[in-house]
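# Survey of secondary and tertiary structure
Next come the chains, spelled out residue by residue.
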Amino acid sequence: MFYREAGDFTTNYAEDNQTFPIRLDRMGYYATMIVAFCVVPFFINDYWASAVLLPFLIYAIAAIGLNILVGYCGQVSLGSGGFMAVGAYASYKLMTSFPDMSMIIVVLLSGLITAMVGAAFGLPSLRIKGFYLAVATLASQFFLVWLFNKVAWFYNYSASGQINAPERTVLGFVITGPNAAPAVTYLFCLAFAVGLAWLARNMTRSNTGRRWMAIRDMDIAAEIIGVNPLGAKLSAFAVSSFYIGVAGSLMFTVYLGAVEVGEAFGITKSFLLLFMVIIGGLGSIFGSFAGAAFMVLFPVLLKNVLVGQLGWATNIAAHFEFVIVGGLIVIFLIMEPHGLAAIWRVVKEKLRLWPFPH
Amino acid sequence: MSAGFYFGVEVFLNGLMSGVMYSLVALGFVLIFKASGVFNYAQGVMALFAALTLVGVQSGQVPFAHLINAVFGTNVQHFGWEVPTFFALLIALAVMVLFAVLVEKFVLKHLVNQEPIILFMATIGLAYFMEGFGDLMWGAEIKKLDVGIPQGGNLWIEESTAFLGGDGFYGFYLDTLDIYATVIAAILVTSLVLFSKYTKTGRALRAVADDHQAALSVGISLRAIWVIVWAIAGFVALVAGIMWGSKSGVQFSLSLIALKALPVLILGGFTSIPGAIVGGLIIGVGEKMFEFLIGAPFLGGATENWFAYMLALMFLVFRPQGLFGEKIIERV
């Protein structure tokens, strides 16, 4: 009734191949884009930008990246926090070495550097599989964090060991540092998130994406039908790390501004990203956004209710947050192991039939 | 022989001892993975929770004191009694068994036949839950755990090895606690092996580890086995929690020993109890020696965080199933 695909006819291949073949989906997509680009920037304030929208967009980029690796290529990785750190430190070095470089190029280059590091750490995946690989990727997490802590060159020999983003502009607007307007930073991140999501969606429908999925479903069978596992796995690691690196770079330059590596990109970040991917739905771009939204919004909501409404002490509220988030994850996995994306599919199905039961 | 050489030997011995401590944690992982195929990330938090419960019961703390005070505005902290260590141990063990029953009832039962990664994520969720729950129940401050195991350098070993060196060598320094830990770990492993070899339940455990469906078809209750396995893992977690807790206090960082046990696990193989022990020893010695010989002099120290993983990775590239793991056979 509400969600109709009847009467939607395609008359040429281009229409048949478009990303959203159903008109209603397409309209929803355009509406979201118009709201995100043309409405939100006028109403955004500092709190919404820094507490909700920026982290949501940045984590969504990282979640798409991890989803490419875990959801599409089937290689479980626990090293994403370390790769985010690579992105952050790469952009710091680029920003300080080349002050005139555009921020867009800085972010993309940081992504490329992370992609190279990621591909190098992806090499063992050719031999090691399953949980052995998951634990082995922790090596990259700990090694990279240690490296950025110990080698002073990475943080330009600053006394505190922190890195701070210097002020930079894009098209004349201040984008990093304390003087950046929330609308500008929001639009900057939004442009990256939308562009990269579009890229990921189309990549997963292409030759490359189908190769990843063949490897995920059974790598030996994929090899027999002519998929090169070396190319497929390494490209998945590289592309995934590119996304995660861009997210790390944005997180450092635009969102946080100052970063201490062990704190910002520790092992908890890797788990957080994995939660987003699993709760959102493995192998779904929409799911990455949904998972990121859930994991960003939920703690904010919880804190507002527990501390703001009930007036509890912050430490008790923090413990409660652990209990509730942990419990919710378990409940979620029991109720719907395929994540929010699967719930969305069910809802669409229901909307299509409503008010008739069959 | 120079003093440097003896110092190296001492580092080696201490590496062995800390390896035993890692093995204690890895053992819990192996037990659960063998019997239920669940990669239980919560093992470290279980050790923390067990140790917290032990200290709390021992010192007569009121559970959920902070919460009660926050909600009702009261000020209760202690019952005002102290429970003898032995009974506190029993109570902590009972809590861990109860925990095993609850996990089976509320989590595992509903996740039968799910993919391994879903189960793994569920245990991470469980770890978060237990971490918050333990803090809510017993408070988050650092606690001292004392169950009567002596600590500090062992004088007897120091004195009886002093003759080896010349000037400036006063014998090997070994922590008494570590020696106790080694003995206890040896007893634990022996009894686990005997238990699984010679008792009826142990045979059922091995059957389940071998093949779930075949075990079901001969009338073994999978759910009962899972409760037993999680209870045993809880017991191992309690032992690990006591050892680590007496060494460095009971606090949040105790749950991070899971991260120390993971490389031990992949090095030894997920399914092998001897693997957990040998892997622990290799990792313990490897990281101490690396830090001593290369890390501290040339790389600026603190290499222990990642060296274990790198070492395990090196081994895995040559043996993807770990040293003692079952050979992975893949069919299309």
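The paragraphs below set out a description of the structure included in this document. (Residues numbered from 1 in each chain as written. Chains lettered and ligands numbered in written order. Predicted model: local features only at pLDDT ≥ 70, side-chain atom pairs only at ≥ 80, totals over all residues. Heavy atoms only, no water.)

In this section: the overall build of chain B. Counting its regular elements, chain B contains 13 helices and zero strands. The N-to-C order of helical and strand elements in chain B reads α-α-α-α-α-α-α-α-α-α-α-α-α. Computed over the C-alpha atoms, the radius of gyration of chain B is 21 Å, within 12% of the 20 Å expected from 2.2 N^0.38 for a compact globule of 332 residues. Based on the C-alpha atoms only, the size of chain B along its principal axes is roughly 65 × 65 × 40 Å. For chain B, the residues scored as buried account for 54% of the 332 residues in total. Summed over its atoms, the accessible surface of chain B is roughly 14800 Å², and 68% of this surface lies on carbon and sulfur atoms. (Helix = DSSP H or I, 4+ residues; strand = E, 2+ residues; numbered from the N terminus. Rg over C-alpha atoms; globule rule 2.2 N^0.38 Å. Buried < 20%, exposed > 50% of the residue type's maximum accessible area, 1.4 Å probe, protein only. Areas by Shrake-Rupley, 256 points an atom, 1.4 Å probe, with all protein chains shown as cover.)

All names here are of chain A. The interhelical angle for the contact between helix 3 (residues 46-72) and helix 13 (residues 285-309), taken along N-to-C directions, is 140 degrees, at an axis separation of 7 Å. Taken together, helix 3 and helix 13 sit at an angle that is classed as oblique. Here helix 3 and helix 13 pass one another in a crossing that is right-handed. Contacts from Tyr47, Ala51, Val52, Pro55, Phe56, Tyr59, Ala60, Ala63, Ile64, Asn67 and Tyr72 of helix 3 reach helix 13 at Ile285, Ser288, Phe289, Ala292, Ala293, Val296, Leu297, Val300 and Asn304. Among the residues making up the contact of helix 3 with helix 13, the classes are represented as 17 nonpolar, three polar and no charged. (Axes fitted to C-alpha atoms, helices over the stretch in contact; angles between N-to-C directions. Parallel < 35°, antiparallel > 145°, perpendicular 65-115°, else oblique. Left-handed = near helix turned anticlockwise from the far one by under 90°. Contact = heavy atoms within 4.5 Å. Nonpolar A, V, L, I, M, F, W, Y, C, P; charged D, E, K, R; others polar.)

Let's shift gears to a positive patch on the surface. Residue and element names in this part refer to chain B. Together, Lys197, Lys200, Arg203 and Arg206 give the surface a local cluster of positive charge. In terms of residue count, the dominant contributor to the positive patch is helix 8 (residues 200-210) (three residues). Note on Lys197: relative accessible area 48%, which makes it partly exposed. (Patch = residues over 30% accessible without salt bridge, like charges linked within 9 Å, V, L, I, M, F, W, Y side chains within 5 Å. Salt bridge = Lys/Arg side-chain N within 4 Å of Asp/Glu carboxyl O. Lys, Arg positive; Asp, Glu negative; His and termini not counted. Charge placed at Lys NZ, Arg CZ, Asp CG, Glu CD.)

Per the stated rule, a full pass over the model turns up 35 aromatic pairs over all chains. Between the aromatic rings of Phe129 of chain B and Phe133 of chain B, the centroid separation amounts to 5.7 Å while the plane-to-plane angle is 10 degrees, which identifies the pairing as stacked. Pair noted here: Phe129 of chain B and Phe133 of chain B are both in helix 5 (residues 116-138), with a separation of four residues, about one helical turn. In this structure Phe129 of chain B comes out as partly exposed when scored by relative accessible area, which is 28%. The exposure class assigned to Phe133 of chain B is partly exposed, which follows from its relative accessible area of 27%. Following the ring pairs from residue to residue traces out a cluster consisting of Phe131 and Tyr132 of chain A together with Phe29, Phe33, Phe39, Phe120 and Phe270 of chain B. Directly above the aromatic system of Trp153 of chain A lies the positively charged group of Lys93 of chain A, at a separation of 4.1 Å from the ring centroid. (Phe/Tyr/Trp six-rings, centres within 6.5 Å; stacked < 30°, edge-to-face > 60°. Lys NZ or Arg CZ within 6 Å of the ring centre and 35° of its normal.)

Attention now moves to helix 3 of chain A. Residue and element names in this part refer to chain A. Where helix 3 bends most, the angle comes to about 35 degrees, and this point is Leu53, followed within four residues by the proline Pro55. Counting buried residues along helix 3, 22 of its 27 residues qualify, which places the element largely inside the surrounding structure. Trailing helix 3 by a residue or two, Gly74 shows a phi angle of about 75 degrees, which is positive. (Bend = angle between axes of the 7 residues up to and from the residue.)

Moving on, we come to the interface of chain A and chain B. Taken together, the contact between chain A and chain B spans 42 residues of the former and 55 residues of the latter. When chain A packs against chain B, close to 4500 Å² is buried across both sides, 82% of that on carbon and sulfur atoms. It is Phe131, Tyr132 and Trp146 of chain A that lose the most area in chain A upon contact with chain B, and together they represent 18% of the buried surface on that side. Summed over the shared surface of chain A and chain B, the number is zero salt bridges. At the surface where chain A touches chain B, the tally comes to four residue pairs in polar contact (both at pLDDT 80 or more). Going through the elements one at a time, helix 6 (130-150), helix 9 (219-224), helix 12 (267-280) and helix 14 (314-335) of chain A are the ones with two or more residues in the side of chain A that touches chain B. The dominant element in the side of chain A that touches chain B, judged by the number of residues it contributes, is helix 14 of chain A, at twelve residues. Residue classes in the side of chain A that touches chain B are distributed as 35 nonpolar, three polar and four charged. (Buried area = accessible area lost by both parts, 1.4 Å probe. Polar contact = N/O pair within 3.5 Å; in protein donor to acceptor, adjacent residues only side chain to side chain.)

This part is about the environment of Lys105 of chain B. Within the secondary structure layout, Lys105 of chain B lies in helix 4 (residues 85-106). C-alpha separation for the pair Lys105 of chain B and Ser217 of chain B, spaced 112 residues apart in sequence, amounts to 22 Å.

The subject of this paragraph is the nonpolar core. Judged by nonpolar contacts, the single largest core of 229 residues is most densely connected at Tyr243 and Leu250 of chain A. With 17 residues, helix 3 of chain A is the single largest residue contributor to this core. Leaving out residues up to four positions away in the same chain, Leu250 of chain A has contacts with Ile58, Ile61, Val107, Phe188, Cys189, Phe192 and Tyr255 of chain A. Listed in part, the five residues of the second largest apolar core include Tyr6, Ile157, Phe172 and Leu174 of chain B. (Core = buried A, V, L, I, M, F, W, Y, C linked by side-chain atoms within 4.5 Å.)

Right, let's get into unusual backbone geometry. Residues and elements named next belong to chain A. For the bond from Trp354 to Pro355, the omega torsion is 5 degrees, close enough to zero to count as cis. Positionally, Pro355 belongs in the segment after helix 15 (339-353). The backbone of Leu171 sits at a positive phi, close to 55 degrees, despite the residue not being glycine.

Time to look at the packing of helix 4 of chain B against helix 10 (residues 222-248) of chain B. Residues and elements named next belong to chain B. One can describe the packing of helix 4 onto helix 10 by two numbers: an axis separation of 8 Å at closest approach and a directional angle of 140 degrees. As summarised for this structure, helix 4 and helix 10 are arranged oblique, according to the angle between their axes. Between helix 4 and helix 10 the crossing geometry is right-handed. In this structure, helix 4 contributes Leu89, Ala92, Leu93, Met96, Val97, Phe99, Ala100, Val101, Val103 and Glu104 to the contact, and helix 10 contributes Arg223, Trp226, Val227, Trp230, Ala231, Gly234, Phe235, Leu238 and Ile242.

Attention now goes to the pattern of salt bridges. Overall, the coordinates contain seven salt bridges over all chains when judged by the stated rule. For Arg352 of chain A, the salt bridge goes to Glu349 of chain A, with nearest N and O atoms at 2.9 Å. Remark: Glu349 of chain A and Arg352 of chain A occur in helix 15; sequence separation between them is three residues, near one turn of the helix. Exposure remark for Arg352 of chain A: the relative accessible area of 32% places this residue in the partly exposed category. The partner of Lys247 of chain B in a salt bridge is Asp178 of chain B, and the shortest N-O contact between them spans 3.3 Å.

Moving on, we come to a nonpolar patch on the surface. Among the surface-exposed residues, Phe2, Phe286, Ile343, Trp344, Val347, Leu351 and Trp354 of chain A lie close enough to one another that they form a single nonpolar patch of about 660 Å² accessible area. Top element by residues in the nonpolar patch is helix 15 of chain A. It accounts for four residues.

All right, on to helix 7 (residues 176-198) of chain B then. With 23 residues, helix 7 of chain B extends 33 Å between its outermost C-alpha atoms, agreeing within 8% with the 33 Å of an ideal straight helix rising 1.5 Å per residue. Residues Thr176, Leu177, Asp178, Ala181, Ala185, Leu188, Val189, Leu192 and Ser196 of chain B constitute the buried set of helix 7 of chain B. (Expected span 1.5 Å × (residues − 1).)

Another point: the environment of Ile267 of chain A. In this fold, Ile267 of chain A is placed in helix 12. Classification of Ile267 of chain A by relative accessible area gives buried; the value is 14%. As for Ile267 of chain A and Gly248 of chain A, which are separated by 19 residues in sequence, their C-alpha atoms are 14 Å apart. Dropping the residues within four chain positions of it, Ile267 of chain A is found in contact with Leu138, Gln141 and Phe142 of chain A together with Leu259 of chain B.

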